[in-house]
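# Close look at the chain arrangement
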Amino acid sequence: EPEVTQTPSHQVTQMGQEVILHCVPISNHLYFYWYRQILGQKVEFLVSFYNNEISEKSEIFDDQFSVERPDGSNFTLKIRSTKLEDSAMYFCASRESVNRNIQYFGAGTRLSVL
Amino acid sequence: GESVGLHLPTLSVQEGDNSIINCAYSNSASDYFIWYKQESGKGPQFIIDIRSNMDKRQGQRVTVLLNKTVKHLSLQIAATQPGDSAVYFCAENSSTLGAGNKLTFGGGTRVLVKP
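Residues numbered from 1 in each chain as written. Chains lettered and ligands numbered in written order. Predicted model: local features only at pLDDT ≥ 70, side-chain atom pairs only at ≥ 80, totals over all residues. Heavy atoms only, no water.

## What to know about the interface of chain A and chain B
- With 19 residues of chain A at the interface, the matching set in chain B holds 23 residues.
- When chain A packs against chain B, close to 1,800 Å² is buried across both sides, 55% of that on carbon and sulfur atoms.
- Looking at the side of chain A facing chain B, the largest losses of area belong to K42, E56 and N101 of chain A, adding up to 30% of the total buried there.
- Applying the counting criterion to the chain A and chain B interface returns zero salt bridges.
- Viewed at the interface, chain B and chain A are joined by six residue pairs in polar contact (both at pLDDT 80 or more).
- For the side of chain A that touches chain B, the secondary structure elements donating two or more residues are strand 4 (31-37), strand 5 (43-50), strand 6 (53-57) and strand 9 (88-95) of chain A.
- Across the side of chain A that touches chain B, the residue classes tally to nine nonpolar, seven polar and three charged. (Contact = heavy atoms within 4.5 Å. Buried area = accessible area lost by both parts, 1.4 Å probe. Salt bridge = Lys/Arg side-chain N within 4 Å of Asp/Glu carboxyl O. Polar contact = N/O pair within 3.5 Å; in protein donor to acceptor, adjacent residues only side chain to side chain. Helix = DSSP H or I, 4+ residues; strand = E, 2+ residues; numbered from the N terminus. Nonpolar A, V, L, I, M, F, W, Y, C, P; charged D, E, K, R; others polar.)

Structure follows, in structure tokens:
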């Protein structure tokens, strides 16, 4: 069964460092998303991406964050200068088409900022 | 502000019994709702969804009920099994922009199945 793949499963970084989280969405999907979940809290929307551009972003997704689809398969989330409060699980999701609303999630990357 | 919330943070159920997980939403303009199951160390896994033009939808051992009058959503799991132990999230499609389709998640309910 096709699935969303995220790497690494756990990323440890020092405050102020840049990190890039990697995702390979399901191959025929057109819409891509990043969410995050701080320990013990709700899953929160960060950004949606379609047709090589951001279609919507939350207040959390400030200038420190960026997304990119560098090739036909990868979808990355970059945090330029990490802060302690960026520590969370980051989930990538993808959706097939405008008529198919189900978003399929990857297993997540745990980001620990020290 | 708009929010999706859950009434019960933890639900303990005997194996074989039915489970009911509740969710309240506040955005009356939401047109799509979805339930996810999250096991420890894994991402949210799709269970079932429902559009706002329906009030009931059934899947395998699961039923979602939507009451738009009181803005309430529930997930019923029939004959709960140990493998159903997880955190369950409801979410709504809350985008005002058509292509975004962001999901707004509730806080989650932990279901513990007792043998």
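## A closer look at the packing of aromatic side chains
- The tally for this structure, following the rule as stated, stands at 16 aromatic pairs over all chains.
- Here F105 of chain A and F105 of chain B contribute two aromatic rings whose centre-to-centre distance is 6.0 Å and whose plane-to-plane angle is 85°, an arrangement assigned as edge-to-face. Remark: F105 of chain B occurs in strand 10 (residues 103-105) and F105 of chain A occurs in strand 10 (residues 104-105); the pair is interchain, linking two chains.
- Taking the relative accessible area as the measure of exposure, F105 of chain A reaches 11% and is therefore buried.
- Through a chain of ring-to-ring contacts, three or more aromatic side chains come together here, namely Y33, Y35, F45, F91 and F105 of chain A together with Y36, F89 and F105 of chain B.
- One cation-aromatic arrangement involves R95 of chain A over Y31 of chain A; the distance from NZ or CZ to the ring centre is 4.1 Å. (Phe/Tyr/Trp six-rings, centres within 6.5 Å; stacked < 30°, edge-to-face > 60°. Buried < 20%, exposed > 50% of the residue type's maximum accessible area, 1.4 Å probe, protein only. Lys NZ or Arg CZ within 6 Å of the ring centre and 35° of its normal.)

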